[in-house]
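What follows is each chain in one-letter form.
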Amino acid sequence: MIGIIGGTGIYKIVELGDEIVSRVVDTPYGPSPEMSVFQLHGREVVFMPRHNLGHAKPPHMVNYLSNIYALKKMGVKRVIATNAVGSMDESIKPGDFVIPNDFLDFTRMRKGTFYDDRTVHIDVTEPYCSELRDILISSGKVKRNGVYVCTEGPRFETAAEIQMFRQLGGTIVGMTGLPEVILARELEMCYSSICTVSNFAASISPSKLTVDEVFEVVETKRKDLIKLLSDSIAKIPSENQCDCGSTLDGAEVGDLLKPEDL
Ligand code: HPA
């Protein structure tokens, strides 16, 4: 099963296939958004609108734990997320797609792990699945790398923040990429993202940032995004070659420390 998480402006993708069933899944973290399951290229795909239908949940209120847990419960092994972002690099323009390869986490108030009663330190040297990234890169016109800066939101950034993020190596900025990528990795799922650049970031943009602009650009790119998703899904092999499925190996304290050692 392949999971698609739809970001801003992408709440249903009827173009991709006939819905077989729509599902809300209960999780220990609360109910999931309403998801739709459909067949594409002979594969089962489940689509989840990250913000719920009608963009009911702003980025800082999204229940990332229940979203990712619900996908895992549905049997999803690979996730392709879509995110709207601002660009902090003049060579990455509104309308471009970026496949991030790394992130800087500037969120502040989000619960970012499934493991509160086990001590688990996962390796995130390469947080996004390299196999899925290669597939996305080979399936359309995209920028092949990007450092995604995740802010808490819901406000946009100040000019000084954008200057700082650039100096730190950030290239795109959004509010929803974290902790989603980490939570998927904690449950040993492959995770990748297609970021649609909707605007130049604050202070690089010649004008005030508006959500209208973000929605407008995402809507303009919707067809291309859906084609990229479809062409990518056609290429996903049934057995993955990456090591996302063994993220927990060597990550947990406890197997080594037995009570008699303490
Ligand atoms: N900043 C943060 N999040 C965003 C932006 C931005 O400029 N554009 C779309 N999502």
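Above this text you will find the structure in question.
Residues numbered from 1 in each chain as written. Predicted model: local features only at pLDDT ≥ 70, side-chain atom pairs only at ≥ 80, totals over all residues. Heavy atoms only, no water.

Engineer: Would you mind going over helix H3 (residues 159–167) with me for this structure?
Structural biologist: What sets the pattern is the α-helix's 3.6 residues per turn: residues three or four places apart point alike. Here H3 has its buried residues at Glu 161, Ile 162 and Phe 165. One side of H3 holds all its buried residues, which, seen down the axis, span an arc of 100°. Exposed positions of H3 whose direction lies more than 90 degrees from the buried face are Ala 160 and Gln 167. Turning to H3, the residues buried within the fold contact strand E7 (102–106), strand E9 (147–151) and strand E10 (172–174). At the C-terminal side of H3, Gly 169 shows a positive phi close to 105°. (Buried < 20%, exposed > 50% of the residue type's maximum accessible area, 1.4 Å probe, protein only. Helix = DSSP H or I, 4+ residues; strand = E, 2+ residues; numbered from the N terminus. Arc of directions from axis to C-beta. Contact = heavy atoms within 4.5 Å.)

Engineer: Explain the site of the ligand to me, please; I cannot follow it from the model alone.
Structural biologist: The local shell around the ligand consists of Ala 84, Val 85, Gly 86, Phe 156, Glu 157, Val 173, Gly 174, Met 175, Ser 198, Asn 199 and Leu 209. For the ligand, a nitrogen atom lies 2.9 Å from a polar atom in the side chain of Glu 157. Between Asn 199 and the ligand, the recorded distance is 2.7 Å, taken from a side-chain N or O atom to a nitrogen atom. For the ligand, whose accessible area on its own is 260 Å², the fraction buried by protein is 95%. Broken down by secondary-structure element, the contributors of at least two residues to the shell around the ligand are strand E5 (78–87), E10 and strand E11 (190–200). Tallying contributions element by element places E5 first for the shell around the ligand, with three residues. Of the residues assigned to the shell around the ligand, the class counts are six nonpolar, four polar and one charged. (Near = heavy atom within 4 Å. Polar contact = N/O pair within 3.5 Å; in protein donor to acceptor, adjacent residues only side chain to side chain. Areas by Shrake-Rupley, 256 points an atom, 1.4 Å probe, with all protein chains shown as cover. Nonpolar A, V, L, I, M, F, W, Y, C, P; charged D, E, K, R; others polar.)

Treat this as a map of the structure, not an account of what it does.
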